[in-house]
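Chain by chain, the residues:
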Protein chains: 2
Amino acid sequence: MPLLKSWINSANDPEGSFPLNNLPYGVFSTEGTEPRCGTAIGTMILDLAALEEEGILAAAEDPVLDVPFWNDFMELGPEVWAAYRTKLQALLAEGTGMDVRAALEPHLVPAAQADLHLPFLVSEYTDFYAGRHHAENVGTMFRGAENALPPNWLSIPIGYNGRASSIVVSGTPVRRPWGQIKAPDETLPRFAPSARFDIELELGAVVGQASDDPMTVAEADAMIFGYVLLNDWSARDIQAWEYQPLGPFQAKATATTISPWIVTRAALEPFRIATPERERPLLPYLAEPGPMLYDIDLAVTLAPEGQTATTIARTNYSEMYYSAAQQLAHHTISGCPMNVGDLLGSGTISGPTRDSRGSLLELSWGGKEPLTLAGGASRSFIEDGDTLTLSGAAHGDGYRIGFGDCTGQLIPAHADIYGR
Amino acid sequence: MPLLKSWINSANDPEGSFPLNNLPYGVFSTEGTEPRCGTAIGTMILDLAALEEEGILAAAEDPVLDVPFWNDFMELGPEVWAAYRTKLQALLAEGTGMDVRAALEPHLVPAAQADLHLPFLVSEYTDFYAGRHHAENVGTMFRGAENALPPNWLSIPIGYNGRASSIVVSGTPVRRPWGQIKAPDETLPRFAPSARFDIELELGAVVGQASDDPMTVAEADAMIFGYVLLNDWSARDIQAWEYQPLGPFQAKATATTISPWIVTRAALEPFRIATPERERPLLPYLAEPGPMLYDIDLAVTLAPEGQTATTIARTNYSEMYYSAAQQLAHHTISGCPMNVGDLLGSGTISGPTRDSRGSLLELSWGGKEPLTLAGGASRSFIEDGDTLTLSGAAHGDGYRIGFGDCTGQLIPAHADIYGR
């Protein structure tokens with residue numbers, strides 16, 4: 001698919017993130033206004049709540065976009081999602097009449113003047129462990145090379161429930177957590193700030209429909225509204241001591257940052273790509289009806305406070321072993337009800353090479369091989385003041401489907417956890 | 001504390017569950033009416049939404065009880081909880097004037113004519129693993145006697161995030177789930193209905209206040225609104241294959257049943273009892289300012305379809321090693337935000353003897369020692385049609401603080417998971 005040209009010039013920049021082909025959904029506000037639904041087009045944000053109010057473009061009879069979340073819109077279902085997108089693209093396409101442009105122009109806000117908020121109410125959050133390179137790397141460090149990949153890994157898209165209350169939007173500072181820590185040479189745990197605080201580069205799938213029954217992979221795919229970048233901040237030292245036998249808990253509960261724009265499944269359709277060949281055949285309930293991953297380039301940068309950023313990893317979403325649709329299908333097989341606004345983290349997306357690893361744990365190999373940054377500083381884990389930024393884009397013919405940044409700065413731990 | 005006498009005679013029955021000392025909070029409806037907030041008193045339910053509407057008893061300026069959940073009331077905070085309870089007890093106490101009785105009587109509904117609903121909107125659900133006998137029993141079966149208690153168990157109230165969408169109210173049928181199952185002698189997993197479906201006898205703590213910061217155990221205790229009985233239905237065969245390395249997932253996602261009445265912390269105050277002596281000193285952030293458990297007798301019955309029930313276990317909440325307040329304090333230490341309506345499962349409450357074990361896995365020792373029921377049938381795990389019922393009560397001087405039943409019948413698995 002080529003670039004779809006818009007009468008908004010900045011949307012036609014081949015290096016831009018938000019061409020007419022993209023139209024991601026977010027929640028924005030400007031000084032003195034309430035957060036409401038909008039879409040990114042070029043360097044502008046189009047106020048979709050205003051279009052709804054003025055009767056220019058509505059998704060349903062009752063308003064659903066004058067609220068600070070996309071959940072009500074998602075509930076309307078895939079047919080409405082498709083019809084709305086088609087009409088929105090027509091309004092913004094090159095060749096649209098001057099009367100329409102004149103009606104829309106008052107509702108275009110420069111993105112630089114807007115604040116972005118969480119784009120949806122997160123119902124529940126599930127994090128997966130579905131990248132093979134990551135699972136093998138971490139498994140080797142935590143359990144030794146012989147036990148790197150757990151016996152069930154090639155059969156199950158392994159997931160665990162995370163904490164929805166800890167999801168924050170890009171730009172929110174993240175405070176270094178306290179927790180129970182026990183080094184291998186210590187006999188008892190200490191209560192201390194985490195000294196091995198880390199990121200996990202992931203993609204988040206936003207569930208846009210509810211279900212009470214088991215879903216096939218095809219049905220699950222149709223329930224996915226779109227995708228965001230996701231940084232599952234992780235305290236490795238807390239995790240190592242707490243995670244057996246029931247999994248990560250407080251190590252993953254400080255914050256998980258997501259990018260502010262939901263890139264729709266529709267916008268990503270041209271970039272579908274198949275999951276890798278199966279080393280072990282999957283059970284039929286996990287069979288995919290077609291390509292379920294996407295060719296999305298991903299990168300991570302680290303900037304020490306007041307210094308320039310260094311790219312510390314580049315990888316691609318197609319490195320995953322299981323797709324979001326497979327993860328969602330697996331999530332439903334026990335009869336577990338899924339709801340609009342559920343968020344599924346892909347699991348850390350690492351590639352096969354050292355510079356394609358999606359966490360500092362892997363990049364510095366557990367701290368044994370520190371990274372050297374552009375300014376000469378070295379890093380094993382995140383230092384106070386560091387800003388970590390994920391970015392991602394699918395590359396089309398003369399255009400990019402960008403995700404917008406997913407960024408957060410680590411601020412120091414409380415000196416006294418109860419005195420704050 | 002002695003029985004507080006009420007002018008409602010059935011509330012003064014020393015064998016009843018709902019004396020004036022109790023006043024648990026629930027959501028009820030009668031034929032043709034909408035679910036709303038009420039309290040149980042003797043064999044009746046008092047319509048608290050009607051009292052609010054008529055200006056007889058209100059918690060705040062705006063109505064909070066005309067909705068099918070207690071969340072809005074909980075948000076008002078502990079001072080309002082206490083003031084409301086005091087006024088409610090006064091209205092129902094022996095000696096209350098005839099005019100008050102006349103005003104209340106139209107709003108008393110026989111409990112037998114009412115349907116009970118989930119008493120609150122479950123925000124997020126966390127399940128703990130804080131009963132020592134259970135941890136040792138299960139650990140022995142899953143990992144061998146040498147590794148029964150994980151190294152961190154005596155330091156951390158171990159918990160994992162569960163699935164809030166799977167919480168159902170007592171009486172809701174539970175369908176046997178499908179899942180990936182691999183017996184020890186099989187090389188690859190099968191996709192099949194669970195053959196080892198089980199219960200877990202737990203108490204659930206209802207979080208009634210939000211927090212963004214780490215809380216002390218005393219602060220955490222003050223945030224707890226009340227307690228419910230909780231049955232964490234568990235598919236042991238699915239769990240055994242999936243739970244390493246990131247914990248239980250689909251094995252625990254089919255359903256978790258709670259009793260319909262929130263027994264308030266205030267009603268349980270006279271029954272406080274201390275956690276057991278510590279084998280290993282706890283880190284100071286887990287120190288308790290006073291007794292944080294409660295002396296609550298608990299029982300489990302199993303009734304095959306159409307047959308009488310057999311009591312299969314009797315235990316007490318005081319068997320726990322960690323209290324709900326300690327669990328909640330631990331939950332907050334990483335900065336994890338807690339919200340009104342969060343639900344914390346205690347973990348399975350097993351006592352030291354065989355007949356005090358809170359799961360069939362333990363009662364039948366992994367199926368090796370089946371139970372014999374009153375009618376002569378035997379059980380290792382739950383059979384289709386079986387009804388499992390948890391009950392609980394604190395025993396005061398001439399009265400009981402009952403929880404109401406927490407019951408559910410297991411219905412057969414779908415024959416074809418996608419055809420239903």
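A short tour of the structure in this document, coming up. (Residues numbered from 1 in each chain as written. Chains lettered and ligands numbered in written order. Predicted model: local features only at pLDDT ≥ 70, side-chain atom pairs only at ≥ 80, totals over all residues. Heavy atoms only, no water.)

**Side note on the packing of aromatic side chains**
Tallied over the entire structure, the rule returns 42 aromatic pairs over all chains. Between Trp70(B) and Phe73(B), the ring centres sit 5.0 Å apart and the planes meet at 80°, which makes this aromatic pair edge-to-face. Accessibility expressed as a relative area gives 0% for Trp70(B), which makes it buried. Seen in terms of ring centroids, Phe73(B) and Phe225(B) are 6.0 Å apart; in terms of plane orientation they differ by 65°. Their pairing is edge-to-face. On the criterion of sequence distance, the pair formed by Phe73(B) in helix H2 (residues 71-75) and Phe225(B) in strand E14 (residues 224-231) is long-range, its members being 152 residues apart. Judged by relative accessible area, Phe73(B) falls into the buried class, the value being 0%. Accessibility expressed as a relative area gives 3% for Phe225(B), which makes it buried. Feature note: the residues Tyr25(A), Trp70(A), Phe73(A), Trp81(A), Tyr84(A) and Phe225(A) constitute an aromatic cluster, connected by ring pairs. The lysine or arginine in question, Arg278(A), covers the ring of Tyr322(A), its NZ or CZ lying 5.6 Å from the ring centre. (Phe/Tyr/Trp six-rings, centres within 6.5 Å; stacked < 30°, edge-to-face > 60°. Buried < 20%, exposed > 50% of the residue type's maximum accessible area, 1.4 Å probe, protein only. Helix = DSSP H or I, 4+ residues; strand = E, 2+ residues; numbered from the N terminus. Lys NZ or Arg CZ within 6 Å of the ring centre and 35° of its normal.)

**Digging into the interface of chain A and chain B**
Taken together, the contact between chain A and chain B spans 62 residues of the former and 62 residues of the latter. Its largest share of buried area at the contact with chain B, chain A owes to Arg163(A), Leu246(A) and Phe249(A), together 15% of the area lost on that side. Applying the counting rule to chain A against chain B returns four salt bridges. Ionic pairing is found between Arg163(B) and Glu124(A), a salt bridge with its closest N-O pair at 3.5 Å. Between the two partners, chain A and chain B, sit 28 residue pairs in polar contact (both at pLDDT 80 or more). Residue composition of the side of chain A that touches chain B, grouped by class: 31 nonpolar, 22 polar and nine charged. (Contact = heavy atoms within 4.5 Å. Buried area = accessible area lost by both parts, 1.4 Å probe. Salt bridge = Lys/Arg side-chain N within 4 Å of Asp/Glu carboxyl O. Polar contact = N/O pair within 3.5 Å; in protein donor to acceptor, adjacent residues only side chain to side chain. Nonpolar A, V, L, I, M, F, W, Y, C, P; charged D, E, K, R; others polar.)

**Notes on the layout of surface pockets**
Counted as a void, the largest pocket has a volume near 680 Å³. Sorting the residues of the lining of the largest pocket by element identifies helix H5 (132-143), strand E11 (190-193) and helix H7 (236-242) of chain A as the ones contributing at least two each. By volume, the second largest pocket amounts to about 590 Å³. Listing elements by their share of the lining of the second largest pocket, those giving two or more residues are helix H5 (132-143) and helix H7 (236-242) of chain B. For the lining of the second largest pocket, the residue count by class is 11 nonpolar, four polar and seven charged. (1 Å grid on protein atoms, 1.4 Å probe; cavity = no way out; pocket = protein on both sides within 12 Å on 5 of 7 lines; lining within 4 Å. Points joined across faces, edges and corners; volume = space filled by probe spheres on them.)

**Side note on a negative patch on the surface**
A cluster of acidic residues, Glu53(A), Glu54(A), Asp66(A), Asp72(A) and Glu75(A), forms a negative patch on the protein surface. A relative accessible area of 54% places Glu75(A) in the exposed class. (Patch = residues over 30% accessible without salt bridge, like charges linked within 9 Å, V, L, I, M, F, W, Y side chains within 5 Å. Areas by Shrake-Rupley, 256 points an atom, 1.4 Å probe, with all protein chains shown as cover. Lys, Arg positive; Asp, Glu negative; His and termini not counted. Charge placed at Lys NZ, Arg CZ, Asp CG, Glu CD.)

**Describing unusual backbone geometry**
Negative phi is the rule for most residues except glycine; trans is the rule for most peptide bonds. Residue and element names in this part refer to chain A. Omega for the bond connecting Gln-244 with Pro-245 falls within 30 degrees of zero, at 5°, which places this linkage in the cis form. For Pro-245, the position within the fold is in the loop between H7 and strand E16 (256-258). Phi at Leu-23 is positive, roughly 50°, even though this residue is not glycine. Its location among the elements puts Leu-23 in the segment before strand E1 (25-29).

**Side note on the relation of the copies chain A and chain B**
Structural alignment of chain A on chain B gives an RMSD of 0.0 Å, achieved by rotating through 180° and translating 0.0 Å along the axis. The operation mapping one copy onto its partner corresponds to a two-fold rotation axis. Of the C-alpha atoms belonging to chain A, the one lying closest to the rotation axis is found on Gly247(A), 2.2 Å away. An overlap of 100% is found between the interface residues of chain A and their copies at the interface of chain B, pointing to a shared contact surface. (Least-squares fit on C-alpha atoms with pLDDT ≥ 70 in both.)

**Thoughts on the pairing of strand E6 (residues 125-128) of chain A**
All names here are of chain A. The side-chain alternation of E6 yields two buried faces, one formed by Tyr-125 and Asp-127 and the other by Thr-126 and Phe-128. Alignment of E6 against strand E22 (residues 343-345), held across three bridges, turns out to be parallel. Residue pairing in the sheet places Tyr-125 in a bridge with Leu-343 of E22. Sheet topology note: the E6/strand E7 (residues 159-161) ladder contains three bridges and is antiparallel. In the strand pairing of E7, Thr-126 is matched with Asn-161. (Pairing = 2+ DSSP bridges.)

**Observations concerning the sheet that holds E1(A)**
Residue and element names in this part refer to chain A. Spatially, E4-E3-E2-E1-E5 is the arrangement adopted by the five strands of the open sheet, whose pairing is antiparallel. Each edge of the open sheet is held by one strand with a lone partner, namely strand E4 (108-110) and strand E5 (115-117). Adjacent strand axes in the sheet meet at a mean angle of 50°, parallel and antiparallel pairs treated alike. Pairing of E1 with E5, which is carried by three bridges, proceeds in the antiparallel orientation. From the neighbouring strand, Phe-28 faces E5, where its bridge partner is Leu-116. Helix H3 (residues 78-92) rests against E1, strand E2 (36-41) and strand E3 (44-47) of the sheet, and its axis sits at about 60° to E1. (Axes fitted to C-alpha atoms, helices over the stretch in contact; angles between N-to-C directions.)

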